[in-house]
Amino acid sequence: MEGKQQMMEREATGQMTDGVGEQAMGPALMASLASVGLSWYYFFVRGDRERGLFVGLWPPTILAFASYFNQRRMRQQLDSITQPGTTIKNAIDSMMGNK
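Because the structure is predicted, anything quoted here is derived from the model rather than measured.

Draft legend 1. Seen up close, a nonpolar patch on the surface. Where nonpolar side chains cluster on the molecular surface, the patch consists of Leu38, Trp40, Tyr41, Phe44, Val45, Phe54, Leu57 and Trp58 and spans about 910 Å² of accessible area. If you tally residues by element for the nonpolar patch, the top one is helix 1 (residues 4–45), at 5 residues. Mapped onto the fold, Tyr41 is located in helix 1. With a relative accessible area of 37%, Tyr41 lands in the partly exposed category.

Draft legend 2. Fine view of the packing of aromatic side chains. Going through the model one piece at a time under the given rule, you end up with 4 aromatic pairs. When the ring of Tyr41 is compared with that of Tyr42, the centres are 5.7 Å apart and the planes differ by 55 degrees; the resulting orientation is tilted. Across the ring face of Tyr42, the terminal group of Arg51 is positioned such that the distance to the ring centre comes to 5.3 Å.

Draft legend 3. Region of the structure containing the environment of Gly52. Turning to its location among the elements, Gly52 is positioned in helix 2 (residues 49–56). What makes Gly52 buried here is its relative accessible area of 2%. Linking Gly52 and Tyr41, residues 11 residues apart in sequence, is a C-alpha distance of 7.4 Å. Not counting chain neighbours up to four residues away, the residues in contact with Gly52 comprise Ser39, Tyr42 and Phe43.

Draft legend 4. The pattern of salt bridges, seen in detail. On inspection of all chains with the given rule, the structure shows 2 salt bridges. Residues Arg51 and Asp48 are paired through a salt bridge, measuring 3.7 Å at the closest nitrogen-oxygen approach.

Draft legend 5. Representation of helix 3 (residues 58–81) within the structure. In a regular helix each residue adds 1.5 Å, so 24 residues correspond to 34 Å; helix 3 covers 35 Å between its end C-alpha atoms and thus fits that length. What helix 3 keeps buried is the set Pro59, Ala66, Asn70, Gln77 and Ile81.

Draft legend 6. Main features of the environment of Ala31. As for its position among the elements, Ala31 is in helix 1. Distance in space between the C-alpha atoms of Ala31 and Ile62 is 7.5 Å, their sequence separation being 31 residues.

Draft legend 7. Just the packing of helix 2 against helix 3, in detail. In contact at an axis separation of 5 Å, helix 2 and helix 3 are set at 15 degrees when each is read in the N-to-C sense. Between helix 2 and helix 3, the interaxial angle falls into the category roughly parallel. On helix 3, the residues touching Phe54, Val55 and Gly56 of helix 2 are Trp58, Pro59 and Pro60. Across the contact of helix 2 with helix 3, the residue classes tally to 5 nonpolar, 1 polar and no charged.

Draft legend 8. How the structure looks around the side chain of Ser32. Examined against the element boundaries, Ser32 turns out to sit in helix 1. Residues contacting Ser32, with those up to four places away along its chain left out, are Pro59, Ile62 and Leu63.

Basis of the calculations
- Sequence order as written defines the numbering, with residues in each chain counted from 1.
- Residues qualify for local features only when their pLDDT is at least 70, as the model is predicted, and side-chain atom pairs are given and counted only at 80 or more; totals for whole chains, interfaces and linings, by contrast, use all residues.
- Working from all heavy atoms in the structure, the side-chain values ignore hydrogens and water.
- Patch membership requires over 30% relative accessible area and the absence of a salt bridge. Like charges are linked within 9 Å, and nonpolar side chains (Val, Leu, Ile, Met, Phe, Trp, Tyr) within 5 Å.
- Per-residue and other accessible areas follow the Shrake-Rupley method at a 1.4 Å probe size, with only the shown protein chains counted as cover for residues.
- Salt bridge, as applied in this entry: a Lys or Arg side-chain nitrogen positioned within 4 Å of an Asp or Glu carboxyl oxygen.
- Strands here are runs of E lasting at least two residues and helices are runs of H or I lasting at least four, both read from the DSSP assignment and numbered beginning at the N terminus.
- Burial status follows relative accessibility: with a 1.4 Å probe on protein chains alone, a residue under 20% of its type maximum counts as buried, one over 50% as exposed, and anything between as partly exposed.
- Between rings of Phe, Tyr and Trp, where Trp is taken as its six-membered ring, a pair exists when centres lie within 6.5 Å; planes separated by under 30 degrees are stacked, by over 60 edge-to-face, and by other angles tilted.
- Geometrically, a charge over a ring is one whose NZ (Lys) or CZ (Arg) sits within 6 Å of the ring centre while staying within 35 degrees of the ring normal.
- In what follows, a contact means two residues having at least one pair of non-hydrogen atoms within 4.5 Å.
- Given a helix with a known number of residues, its expected span is that number minus one, times 1.5 Å.
- An axis is simply a line fitted to the C-alpha atoms; with a helix, the fit covers only the stretch in contact. Between two such axes, the angle follows the N-to-C directions and lies from 0 to 180 degrees.
- The labels follow the angle: roughly parallel below 35 degrees, roughly antiparallel above 145, roughly perpendicular from 65 to 115, and oblique for the rest.
- Amino acids outside the nonpolar list (Ala, Val, Leu, Ile, Met, Phe, Trp, Tyr, Cys, Pro) and the charged list (Asp, Glu, Lys, Arg) are all regarded as polar, and Gly is one of them.

Structure (structure tokens):
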């Protein structure tokens, strides 16, 4: 059975990663939605089907880049937590920007 401190550590790291994901995906999500709207505009309103299809390919690329950078940031935070000699309190303080 795990101790109370281990349960608190697990909950704290879970909350940290949730916040990172939301922070990174906000601008990327807005850019991809704008790209979809622009694609529909070119495809249906202007009748330029090739340009509409080209712009329609941007959202998956934008979201893929955002996902990559999000995973990279989470990996860096995980590495900072699991370094030898690092206490959980110090790791959480550094992730929250208190240090």
